[in-house]
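Given next are the chains, with one letter for each unit.
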Amino acid sequence: MTTTTEPSLNRVIGPGLLLLFVIGDILGTGVYALTGKVANQVGGAVWLPFLLAFVVALLTAFSYLELVTKYPRAAGAALYTHKAFGLHFLTFMVAFAVMCSGLTSASSAAKAFAGNFGSALQADVPTTLVALAFMVLVALVNFRGVGESVKANVVLTCVELTGLLIVIGVGALALTGGKGDLSRLGDFNTPPGHSVILSVTAGTALAFFAMVGFEDSVNMAEETRDPGRTFPKVMLTGICVTGVIYVLVAISSVALVPPAELGTGETPLLKVVQAGAPGFPVSVFAWITMFAVANSALINMMMASRLLYGMANEGVLPRLLGRVHASRRTPWVGIVFTTLVAFGLIWFADLTALGGTTALLLLCVFTVVNVAVLVLRRDRVTHDHFRAPTVIPVLGRWPARSWPVR
């Protein structure tokens, strides 16, 4: 139950801002690096895992939509777990897993920002110090207000989206000009000892992590206007838009660059642009990537602070973490706490190894949410809400049980 002594969060997010929040969070930085890794798994048919990942993401999204419209409060998956099972330990573990996923992503993005910052300036910079300074800037924007934060997200998402549209545009122009080879799209070049089905499954698991992010938006429910009406159309639209973009990027990539070459290095999309438009200024992509990782950090830090706020108001975490600033109406204690944790991750942690572990935990969280939907069907609320077909949360439990995490 929400305390009466604290001011409420500020409802300033409308459909347009929420749509860009969802798109920006899903796009993140994953597709900039994962396209090549998926190509290593399946060869030229790299578009197929992205298409399958889109379908699986939709399954989980339906479960989140039923729950966020039924319980339009901050804390997302942890709140739904708490209401479904009433076990403080399980609720804490879900909250811990989601927060770790967000903070690991944000910390990784901060370090990537520092690396791209040096590349863009063509200078050696102290990566760790730049990453810490960047995280302070993110915290200040987050504290300033949700309105300012989502407006910053609008700018960053537009830049991030521009980079992917450049890849798609370069691919389309090159193919109409006679460059590239569309016949590669049907080739399955699987790793030695792997069947096509196993390779596609592994590739889909990788591609799925480029599709996650939509679930972060439910933590902003208390700052969204009319969440019961807004979330269903916005979240589904955002997933569909990003799904189409990812498939088109995958097609452009493998048509212009052989899969074996696409799967080497950390900048596969840059290779696509260089192959389709050799005269394109390469340095532009360093700046675009820098904006993309900045957006990923901002969104994940916003999510993590709202998660703590929501869980504090449910009595699962100390009430102190639910404190809201009187004038800015932002969860300032949660912002400070998550920023300090991010500092520690940037300074001390092996973020690559931690990222793999939190990815597995996130799949487990999705399974818990899909079960929670079915359990909470017996809990009636007085307002209208979205209802997912029963078969969808049942199918949505499959990925965490079946996918290998690489």
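Residues numbered from 1 in each chain as written. Predicted model: local features only at pLDDT ≥ 70, side-chain atom pairs only at ≥ 80, totals over all residues. Heavy atoms only, no water.

Colleague: Looking at this model, I keep getting lost on the overall build of the chain. Mind explaining?
Modeller: When you go through the chain residue by residue, the secondary structure sums to 16 helices and zero strands. The C-alpha radius of gyration of the chain comes to 21 Å, within 12% of the 22 Å expected for a compact globule of 406 residues. Its C-alpha atoms put the chain at 65 × 50 × 35 Å along the principal axes. Expressed as a percentage of the 406 residues in the chain, the buried residues total 56%. Within the chain, contacts between residues at least 6 apart in sequence are counted, and of these 82% link residues at least 24 apart. One finds the centroid of the 26 positive side-chain charges in the chain at a distance of 7 Å from the centroid of its 19 negative side-chain charges. (Helix = DSSP H or I, 4+ residues; strand = E, 2+ residues; numbered from the N terminus. Rg over C-alpha atoms; globule rule 2.2 N^0.38 Å. Buried < 20%, exposed > 50% of the residue type's maximum accessible area, 1.4 Å probe, protein only. Contact = heavy atoms within 4.5 Å. Lys, Arg positive; Asp, Glu negative; His and termini not counted. Charge placed at Lys NZ, Arg CZ, Asp CG, Glu CD.)

Colleague: Looking at this structure, I do not really get the side chain of Ser252. What am I missing?
Modeller: By secondary structure assignment, the location of Ser252 is in helix H9 (residues 227-256). You can call Ser252 buried: its relative accessible area is 5%. Once residues lying within four places of it in the same chain are set aside, the contact partners of Ser252 are Val167, Ile168, Gly171 and Val272.

Colleague: Even after reading the chapter, I still don't get the pattern of salt bridges, so can you show me in this structure?
Modeller: Close approach of charged atoms lets side chains of opposite charge pair. If you walk through the whole model with that rule in mind, you get six salt bridges. The residue Arg328 makes a salt bridge to Glu148 at a minimum N-O spacing of 3.7 Å. Here Arg328, found in the loop between helix H12 (283-313) and helix H13 (332-348), pairs with Glu148, found in helix H7 (residues 146-176); they are 180 residues apart in sequence, far enough to count as distant. Relative accessible area serves as the criterion here: at 33%, Glu148 is assigned to the partly exposed category. The salt bridge involving Arg229 is made with Asp226; its shortest N-O contact spans 3.7 Å. Judged by relative accessible area, which is 64%, Arg229 ranks as exposed. (Salt bridge = Lys/Arg side-chain N within 4 Å of Asp/Glu carboxyl O.)

Colleague: Would you explain a nonpolar patch on the surface in this entry?
Modeller: Together, Phe89, Phe92, Met93 and Phe96 give the surface a local cluster of nonpolar side chains, amounting to about 420 Å² of exposed area. Here Phe89 is to be found in helix H5 (residues 88-121). (Patch = residues over 30% accessible without salt bridge, like charges linked within 9 Å, V, L, I, M, F, W, Y side chains within 5 Å. Areas by Shrake-Rupley, 256 points an atom, 1.4 Å probe, with all protein chains shown as cover.)

Colleague: What am I meant to see in H12 here?
Modeller: Each α-helix winds once per 3.6 residues, and so residues spaced three or four apart point in a common direction. Taking 1.5 Å as the rise per residue, H12 with 31 residues should run 45 Å; its terminal C-alpha atoms sit 46 Å apart, in good agreement. Just downstream of H12, Gly315 is the residue with a positive phi angle, here 80 degrees. (Expected span 1.5 Å × (residues − 1).)

Colleague: Help me out: how do you make sense of the nonpolar core in this one?
Modeller: Here is a general trend for soluble globular proteins: nonpolar side chains tend to be buried in one another's company. Counting residues in each nonpolar core, the largest one holds 129 residues, and the members touching the most others are Phe50, Tyr64, Leu164, Phe214, Ile239, Tyr246 and Met311. Among the elements that line this core, the one with the most residues is H12, at 17 residues. Look past the residues within four positions of Phe214 in its chain and what remains in contact with it is Val22, Ile26, Ala57, Thr60, Ala61, Tyr64, Met235 and Ile239. (Core = buried A, V, L, I, M, F, W, Y, C linked by side-chain atoms within 4.5 Å.)

Colleague: I would appreciate a short explanation of the confidence of the model for the chain in the present structure.
Modeller: Low pLDDT means the predicted atomic positions in that stretch should not be read closely. Averaged over all residues, the pLDDT of the chain equals 87, while 94% of them reach at least 70. Of all secondary-structure elements in the chain, the lowest mean pLDDT belongs to helix H16 (residues 398-402), at 49, while H13 reaches the highest, 95. In the model, residues 400-406 has pLDDT below 50 throughout and makes 21 contacts with residues more than four positions away in sequence or in other chains. (pLDDT = per-residue confidence, 0-100.)

Colleague: Explanation requested: the state of the cysteines in the structure shown.
Modeller: Covalent bonding between the sulfur atoms of two cysteines defines a disulfide. Under the definition given, this model contains zero disulfides. Free cysteine: Cys364, not disulfide-bonded; nearest cysteine sulfur from Cys100 at 13 Å. (Disulfide = S-S within 2.5 Å.)

Colleague: I tried to follow the environment of Lys111 on my own but got confused; where do I start?
Modeller: Tracing the backbone through its elements, the reader meets Lys111 in helix H5. With 64 residues separating them along the chain, Lys111 and Leu175 place their C-alpha atoms 36 Å apart. In contact with Lys111, other than residues within four places in its own chain, are Thr127, Ala131, Ile346 and Leu351.

Colleague: Quick question: what am I supposed to make of the side chain of Asn219 here?
Modeller: Within the element layout of this structure, Asn219 appears in the loop between helix H8 (196-211) and H9. Every residue in contact with Asn219, bar those within four places of it in the chain, is listed here: Ala74, Ala75, Gly76, Met303, Arg306 and Leu307.

Colleague: Explain the environment of Gly16 to me, please; I cannot follow it from the model alone.
Modeller: Counting through the fold element by element, Gly16 comes out in helix H1 (residues 15-27). By relative accessible area, Gly16 is classed as partly exposed at 45%. For the pair Gly16 and Ala114, spaced 98 residues apart in sequence, the C-alpha to C-alpha distance is 30 Å.

Colleague: What exactly am I supposed to notice about the packing of H5 against helix H6 (residues 127-144) here?
Modeller: For any two helices packed against each other, the geometry is given by the interaxial angle and the distance between the axes. Running from N to C, H5 and H6 cross one another at 120 degrees; their axes reach a closest spacing of 8 Å. Taken together, the axis directions place H5 and H6 in an arrangement best described as oblique. Judged by the sense of rotation from one axis to the other, the crossing of H5 with H6 is right-handed. Taken together, the residues of H6 that come into contact with H5 (itself represented by Ala106, Ser107, Ala110, Lys111, Phe113, Ala114, Gly115 and Phe117) are Thr127, Val130, Ala131, Phe134 and Met135. (Axes fitted to C-alpha atoms, helices over the stretch in contact; angles between N-to-C directions. Parallel < 35°, antiparallel > 145°, perpendicular 65-115°, else oblique. Left-handed = near helix turned anticlockwise from the far one by under 90°.)

Colleague: Would you mind going over the packing of H6 against H13 with me for this structure?
Modeller: Packing of H6 against H13 leaves a shortest axis separation of 10 Å and a crossing angle of 170 degrees. When the interaxial angle is binned, H6 and H13 end up roughly antiparallel. At the point where H6 passes H13, the crossing takes the right-handed sense. Contact residues: H6 offers Thr128, Leu129, Ala131, Leu132, Met135, Val136, Ala139, Asn142 and Phe143, while H13 offers Trp332, Ile335, Thr339, Ala342, Phe343, Ile346 and Trp347.

Colleague: Looking at this structure, how should I read the packing of aromatic side chains?
Modeller: Two aromatic rings are characterised by how far apart their centres lie and by the angle between their planes. For the structure shown, the criterion picks out 10 aromatic pairs. Considering the side-chain rings of Phe113 and Phe117, the 6.1 Å spacing of their centres and the 15 degrees angle between planes classify their relative orientation as stacked. Placement of the pair is Phe113 and Phe117 together in helix H5, with a separation of four residues, close to one helical turn. Judged by relative accessible area, Phe113 falls into the buried class, the value being 16%. Phe117 gets classed as partly exposed once you look at its relative accessible area, which sits at 27%. Through a chain of ring-to-ring contacts, three or more aromatic side chains come together here, namely Tyr64, Tyr80, Phe208, Phe214 and Phe366. (Phe/Tyr/Trp six-rings, centres within 6.5 Å; stacked < 30°, edge-to-face > 60°.)

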